[in-house]
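A structural walkthrough
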Protein chains: 2
Amino acid sequence: MEDAQMEEHVQHIRPPRCVGVVGLGLIGGSFAKAYADAGMKVLAHDIDKGTLAAACGEGTVAAPLTRDNVGECDAVIVALYPQDTVDWVVEHADLFGSEALVIDCGGVKRPICEPLFEAAERAGFAFMGGHPMAGTHHSGFRYARSDLFAGQPMVLVPPAIFSPELIDRAKAVLDPAGFGSYAVTTPETHDRLIAYTSQLAHVVSSAFAKSPTALKHKGFSAGSYKDLTRVAELNPDMWTELFLDNADNLDTELERVIVELQRYRDAIGSGDREGLRRLLAEGSAAKLKADGRYADVQGMM
Amino acid sequence: MEDAQMEEHVQHIRPPRCVGVVGLGLIGGSFAKAYADAGMKVLAHDIDKGTLAAACGEGTVAAPLTRDNVGECDAVIVALYPQDTVDWVVEHADLFGSEALVIDCGGVKRPICEPLFEAAERAGFAFMGGHPMAGTHHSGFRYARSDLFAGQPMVLVPPAIFSPELIDRAKAVLDPAGFGSYAVTTPETHDRLIAYTSQLAHVVSSAFAKSPTALKHKGFSAGSYKDLTRVAELNPDMWTELFLDNADNLDTELERVIVELQRYRDAIGSGDREGLRRLLAEGSAAKLKADGRYADVQGMM
């Protein structure tokens, strides 16, 4: 009995032979290329026929993923917008093999994981929420590359009760992407952290880029302008959905940064040299602490 | 007479043989290294005796810059905080050679250029306001490098009335630093643009870094978090002075970005999908226009 369990375990954690990829955008496309590079068979779906044809033509994708062959996949990576992710997985719930592991890539986890943990339990396949911490401000298959995730962090969001083996299976499935580290958490914690690290960053960059002064920046700007405006170039449809799906957490972060900016404004407007200096020193210290450089904070204040 | 004028012109625009550098921080230190690499004699001053000794010891600086030898310099680069810049140049006004060109590197130009154009006219040397668009979030001589300015833009701020030859002289003096382009403007325009491209970027990054969520970013962040927080690590003394010296322009930009952020917050809070999408599309378009990519804006909205 123990031997049989062990054997089953070993079987589960071997790498997948056939992977389904749903959505050949930047993220899905990069997964497809990484799997193809690793010699795995990739079946893929994309609503854009031209993208799918191109991915098949270049050899990344072996064949279109259909309701007929989705059952062959050991693993399915879903890289769609959140609502589309839920819809696609629910529609295919009864077609996945009983050994299949389905992992999504959505930028919010509560609206995806809650319905899909349920769907997976009902239909008898395994579902793991995922969020690769990688990307560019460009989107689409033409920017996809097999090393997009190399060395980057990956967030895993398992069901409320899970076996450690599920994490091993997810890591085995994701291995060809070459992630540098994994963090396991709940949908709630993921959404709270991502509201700041990714979503607020995009809102602030978008707002920053809108000053009419930006039109004259050439010759008067360097790294700081470039950094602050980089992600203002974004996909408005996708980010609108992500922001509204995480409105509570994002509102908390937005309120905080607005209140904070007003503090600097007040100090600058009233010529409060000591207060302004303290605000800036605190910002510097916050950055050093966030990066784990506590030693550098000494003497800073 | 015409020949003599021509000869004088040619003499003026040849590169300097001896350059004074005042302040061996990141900026002054990088100029000193660039001049030393170009085979020029560098005399330098720094209030920190250890830094000056190190710069002399490594051969970057030939000798300390003093009241006795400052008259030997064909050019003097002043890389101090704004008020210190004004004080140092005024104190040495009568000691510069009549052929000397003094260029400062301050991040604001009105409080520096106004008094120093006057001082230069009174004492009979040439002064040009300068602002190299380069830097790192690190400061100090140990981060200085001779190629810090290579390919970067340089802003020149000449007096209200000036001969074109003054620009040629400044470019000849700055040539060893390898700037990629030059922009010539007034102190007022410089300060208005820099309030946005550099100062607002630093305030926003400082405010952004202060969310308590930042402490848990590891494993949940990628490029956008890194970009938004990079320049939060700053020199609080220097930036306090720069911000207060440009309070009027910075206040305008700060007000604008706060109002703009509140718009996103309102749209997110009220679930206004169409309004939020439009705000994001406008931010994307603003970024593309600012970068001169007008063609990419088509169809975006």
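Looking at an unreviewed UniProt entry, one finds chain A named Prephenate dehydrogenase/arogenate dehydrogenase family protein and attributed to Slackia equolifaciens. We quote the UniProt Sequence similarities (unreviewed entry) comment for chain A here in full: "Belongs to the prephenate/arogenate dehydrogenase family."

**Quick notes on the sheet that holds strand β6 (residues 126-132) of chain B**
Residues and elements named next belong to chain B. Spatially, eight strands are ordered β3-β2-β1-β4-β5-β6-β7-β8 in an open sheet, and the strand pairing comes out mixed. Two strands bound the open sheet, and with one partner strand each, they are β3 (63-64) and β8 (181-184). Alignment of strand β5 (residues 101-104) against β6, held across three bridges, turns out to be parallel. Across the sheet, residue V102 finds its bridge partner in β6, namely F127. On the sheet, helix α6 (residues 164-174) packs against β4 (75-78), β5, β6, β7 (153-157) and β8 and is oriented at approximately 70° with respect to β5.

**Here we look at the pattern of salt bridges**
Any two side chains of opposite charge can pair, on the condition that their charged atoms come close. Residues and elements named next belong to chain A. Enumeration according to the criterion identifies 36 salt bridges over all chains in this entry. Residue R122 is joined to E118 by a salt bridge in which the shortest nitrogen-to-oxygen separation is 4.0 Å. Placement of both R122 and E118 in helix α5 (residues 110-123) is noted, with a separation of four residues, approximately one turn of the helix. Side by side, R122 and E118 carry an identical accessibility label, which is exposed.

**Some words on the domain arrangement of chain A**
Residue and element names in this part refer to chain A. Entries for chain A in the domain assignment read domain 1 (2-184) and domain 2 (191-270). Between domain 1 and domain 2, the buried area comes to about 1200 Å², and carbon and sulfur atoms account for 53% of it. Of all residues in domain 1, the largest losses of buried area upon contact with domain 2 belong to Y81, R110 and H137, amounting jointly to 51% of the total for that side. The tally of links from domain 1 across to domain 2 stands at two salt bridges. Remark: the boundary between domain 1 and domain 2 carries six residue pairs in polar contact (both at pLDDT 80 or more). Residue assignment for the side of domain 1 that touches domain 2 shows that the elements contributing at least two residues are α4 (82-92) and α5. Per-class residue counts for the side of domain 1 that touches domain 2 are five nonpolar, six polar and two charged.

**What to know about the packing of α5(A) against helix α7 (residues 187-208) of chain A**
Residue and element names in this part refer to chain A. Two numbers describe how α5 lies on α7: the axes approach to 9 Å, and their chain directions differ by 165°. Accordingly, the angle class assigned to the pair α5 and α7 is roughly antiparallel. For the crossing formed where α5 meets α7, the hand is right-handed. Contact residues: α5 offers R110, P111, C113, E114 and F117, while α7 offers P187, E188 and D191.

**Looking at the side chain of A:K287**
Tracing the backbone shows A:K287 in helix α11 (residues 273-290). Take A:K287: its relative accessible area is 7%, and that puts it in the buried class. Side-chain polar atoms of A:K287 contact the side chain of A:D291, separated by 2.9 Å. Apart from residues lying up to four places away in sequence, A:K287 is in contact with B:A209, B:T229, B:R230, B:A232 and B:E233.

**Points about the interface of chain A and chain B**
Counting residues at the interface gives 88 residues for chain A and 88 residues for chain B. Across the chain A-chain B interface, the total number found is 14 salt bridges. As a salt-bridge pair, B:R230 and A:D227 come within 2.4 Å of each other at their nearest N and O atoms. Where chain A touches chain B, the interface holds 34 residue pairs in polar contact (both at pLDDT 80 or more). Among the secondary structure elements, those contributing two or more residues to the side of chain A that touches chain B are β7 (153-157), α7, α8 (223-229), α9 (236-245), α10 (247-269) and α11 of chain A. No other element matches α10(A), which puts 16 residues into the side of chain A that touches chain B.

**Regarding the relation of the copies chain A and chain B**
Turning chain A through 180° and shifting it by 0.0 Å along the axis lays it on chain B, with an RMSD of 0.0 Å. Here the transformation between the copies is reduced to the relation of a two-fold axis. For chain A, the minimum C-alpha distance to the rotation axis belongs to A:D227 and amounts to 2.5 Å. When the interface residues of chain A are mapped onto chain B, 100% of them again fall at the interface, so both copies present the same face.

**Some thoughts on α9(A)**
Burial analysis of α9(A) places seven of its ten residues in the buried class, the great majority of the element. The set of residues buried in α9(A) consists of A:P236, A:W239, A:T240, A:E241, A:L242, A:F243 and A:L244. Against α4, α7 and α10 of chain A together with α10 (247-269) and α11 (273-290) of chain B lie the buried residues of α9(A). One side-chain oxygen of the residue at the start of α9(A) lies 3.1 Å from the amide nitrogen of A:D237, identifying that residue as A:N235.

**As for the packing of aromatic side chains**
Following the criterion strictly, the structure yields 22 aromatic pairs over all chains and no others. A centroid spacing of 5.2 Å and a plane angle of 35° characterise the contact between B:F149 and B:F179, whose relative ring orientation is tilted. Of this pair, B:F149 sits in the loop between β6 and β7 while B:F179 sits in the loop between α6 and β8, and the two are 30 residues apart along the sequence. Both residues of the pair, B:F149 and B:F179, count as buried. Taken together, A:F31, A:Y35, A:F149, A:F179 and A:Y182 form an aromatic cluster joined through their ring pairs.

**A word on the environment of B:A38**
Within the secondary structure layout, B:A38 lies in the loop between α2 (26-37) and β2 (41-45). What makes B:A38 partly exposed here is its relative accessible area of 42%.

**Points about the confidence of the model for chain A**
With 95% of its residues at a pLDDT of at least 70, chain A reaches an overall mean of 93. The model gives residues 1-11 of chain A a pLDDT under 50, and that stretch makes two contacts with residues more than four places away or in other chains.

**Looking at α5(A)**
The periodicity of an α-helix, 3.6 residues per turn, causes residues three or four places apart in sequence to face the same way. The terminal C-alpha atoms of α5(A) lie 20 Å apart, and with 14 residues this matches the ideal 20 Å at 1.5 Å per residue to within 8%. Just beyond α5(A), the residue with positive phi is A:G124, at close to 85°.

Conventions used here
- Residues numbered from 1 in each chain as written.
- Chains lettered and ligands numbered in written order.
- Predicted model: local features only at pLDDT ≥ 70, side-chain atom pairs only at ≥ 80, totals over all residues.
- Heavy atoms only, no water.
- UniProt positions renumbered as here; feature names shortened; annotations may be inferred.
- Pairing = 2+ DSSP bridges.
- Helix = DSSP H or I, 4+ residues; strand = E, 2+ residues; numbered from the N terminus.
- Contact = heavy atoms within 4.5 Å.
- Axes fitted to C-alpha atoms, helices over the stretch in contact; angles between N-to-C directions.
- Salt bridge = Lys/Arg side-chain N within 4 Å of Asp/Glu carboxyl O.
- Buried < 20%, exposed > 50% of the residue type's maximum accessible area, 1.4 Å probe, protein only.
- Domains from an automatic or database assignment.
- Buried area = accessible area lost by both parts, 1.4 Å probe.
- Polar contact = N/O pair within 3.5 Å; in protein donor to acceptor, adjacent residues only side chain to side chain.
- Nonpolar A, V, L, I, M, F, W, Y, C, P; charged D, E, K, R; others polar.
- Parallel < 35°, antiparallel > 145°, perpendicular 65-115°, else oblique.
- Left-handed = near helix turned anticlockwise from the far one by under 90°.
- Least-squares fit on C-alpha atoms with pLDDT ≥ 70 in both.
- Phe/Tyr/Trp six-rings, centres within 6.5 Å; stacked < 30°, edge-to-face > 60°.
- pLDDT = per-residue confidence, 0-100.
- Expected span 1.5 Å × (residues − 1).

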